[in-house]
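Letter by letter, the chains look like this.
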Amino acid sequence: MANFIPTQSGFPMHRPRRMRKDDFSRRLMRENQLHVNDLIYPCFVLEGNKQREAVTSMPGVERLSIDLLLKEAETIQTLGVPMMALFPVTASEKKSLDAAEAYNPEGLAQRAVRALRNEFPELGIMTDVALDPFTTHGQDGLIDDDGYIINDETVEVLIKQALSHAEAGAQVVAPSDMMDGRIGAIRDALEFNGHIHTRIMAYSAKYASSFYGPFRDAVGSASNLAGGNKYGYQMDPANSDEALHEVALDIQEGADMVMVKPGMPYLDVLYRVKHTFQKPTFVYQVSGEYAMLKAAVLNGWLSDDAVMESLLAFKRAGADGILTYFAKDIAQQLKA
């Protein structure tokens, strides 16, 4: 028998690798696990019937007309994914400076919500509240003569948009515009109009990120933005204290859930938000993150396991749920 010689480090009394040796003990000590209940599936909605368009910058992601969206929703519900997030693709002729199509009760998003709620009443439907798909300039709000995004006038339009989504049946409205005071204004409007159960997921810490490019291609706002930027209202990627201030304001104004966007480059922000406020906290694995991972997997540079690892990182940082374009694939893996 080998002589036992204790050391200051505690070795060999403490051998952390003991618990890593076998699958059963690795599973027993696993601190964070991904579940299908953690997933939200973002979908792009297209006008027409039997219409399906590939998003070239997001391999595997498609724009779907409402009839095909219903089939996708059936798959998602069967897999147990709790909620879909809808993003409409607006035809250029329906875009305007005042973004009036955003609150058209017969608009694409509103019709999609009604169709989904009629067919799948138990499936959560979340809608995007922002004006960039509906403006001719691709910004998230109205602009003045100098091209500045004006806050209070934009909020008035966002209220109309959120109400139109709630009236169509959306259980969750998600303001992603980053205008000041919009959460409180939307909450007041929802309450006043009897939508007391409509939840608000606030894009509270949304950064002016370079990772949004493929999404803007998908909804058709990239060409309208035409080299412009959103630095005047989305957050500076250099800041994290500011994110806590933004989240605190949104919670005070009536947000039920808060979100950090993008995901992987902002894990530190996600951690700080969750541990500071202990509020339901979500993260968006955005289009650029998806495109990088998907391209690397398709080229054989990474294995599929890298996708799961990225989602576990969000859980480890404190996310209660994850918006990810991988949601369907991951749900199928988890169910297998």
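Before any of the text, the structure's been laid out above.
In this report, we go over the structure that sits alongside the text. Chains are numbered independently. Their residues run from 1 in the order of the written sequence. The model is predicted, so local features are restricted to residues of pLDDT at least 70 and side-chain atom pairs to those at 80 or more, both for listing and for counting; the totals for chains, interfaces and linings are taken over all residues. Note: side-chain values were computed over all heavy atoms of the structure, leaving out hydrogens and water.

## Regarding helix H2 (residues 66-79)
Part 1: Between its first and last C-alpha, H2 extends 20 Å over 14 residues, near the 20 Å set by a 1.5 Å rise per residue.
Part 2: Here the term buried applies to any residue with accessible area under 20% of the maximum for its type, exposed to any over 50%, and partly exposed to those in between, with areas from a 1.4 Å probe on protein chains only. Here a strand is any run of E in DSSP of at least two residues, a helix any run of H or I of at least four, and the numbering for each starts at the N terminus. Along H2, the residues classified as buried are Ile66, Leu68, Leu69, Glu72, Ala73, Ile76 and Leu79. Around the axis of H2, the buried residues are gathered within 150° of arc, so they sit on the same side. Looking at H2, the residues exposed on the side facing more than 90 degrees away from the buried face are Lys71 and Thr78.
Part 3: Where H2 is buried, its residues contact strand E1 (39-46), strand E2 (52-54), strand E3 (62-65), strand E4 (83-88), helix H3 (108-119) and helix H12 (327-335).
Part 4: One or two residues past the end of H2 sits glycine 80, with phi positive at roughly 95°. Expected span, for any helix, means 1.5 Å times one less than how many residues it has. Relevant arc is that of directions from the helix axis to the C-beta atoms, nothing else. Every residue pair with non-hydrogen atoms within 4.5 Å of one another is taken to be in contact.

## Digging into the pattern of salt bridges
Part 1: For this analysis, a salt bridge means a side-chain nitrogen from Lys or Arg found within 4 Å of a carboxyl oxygen belonging to Asp or Glu. In this structure the tally under the stated criterion is 17 salt bridges.
Part 2: Between aspartate 38 and lysine 315 there is a salt bridge, and its shortest N-O distance comes to 3.1 Å. Of the two residues, aspartate 38 sits in the loop between helix H1 (23-28) and E1 while lysine 315 sits in helix H11 (residues 305-317), which places them 277 residues apart along the sequence. Accessibility assignment for this pair places aspartate 38 and lysine 315 in one class, buried.
Part 3: When the shortest N-O distance is used, the salt bridge between lysine 230 and aspartate 132 registers 3.6 Å.

## Notes on the packing of helix H8 (residues 241-253) against helix H9 (residues 267-277)
Part 1: For helices, the axis comes from a line fit to the C-alpha atoms of the stretch in contact; other axes are also lines fit to C-alpha atoms, and the angle between any two N-to-C directions lies between 0 and 180 degrees. Viewed as axis vectors pointing N to C, H8 and H9 meet at an angle of 45°, and their least axial separation amounts to 10 Å. In this view, H8 runs oblique relative to H9, as classed from their interaxial angle. Read as a crossing pair, H8 and H9 show a hand that is right-handed. Note on element contacts: H9 touches H8 through Val269, Arg272, Val273, Thr276 and Phe277, opposite Asp241, Ala243, Leu244, Val247, Ala248 and Ile251.
Part 2: Taken together, the residues of the contact of H8 with H9 break down into eight nonpolar, one polar and two charged. Working definition: roughly parallel below 35 degrees, roughly antiparallel above 145 degrees, roughly perpendicular at 65 to 115 degrees, and oblique for all remaining angles. A crossing counts as left-handed when the near helix is turned anticlockwise from the far one by less than a right angle, and as right-handed when that turn is clockwise. Gly falls in the polar group here, along with every residue not listed as nonpolar (Ala, Val, Leu, Ile, Met, Phe, Trp, Tyr, Cys, Pro) or charged (Asp, Glu, Lys, Arg).

Structural measurements only, silent on function.
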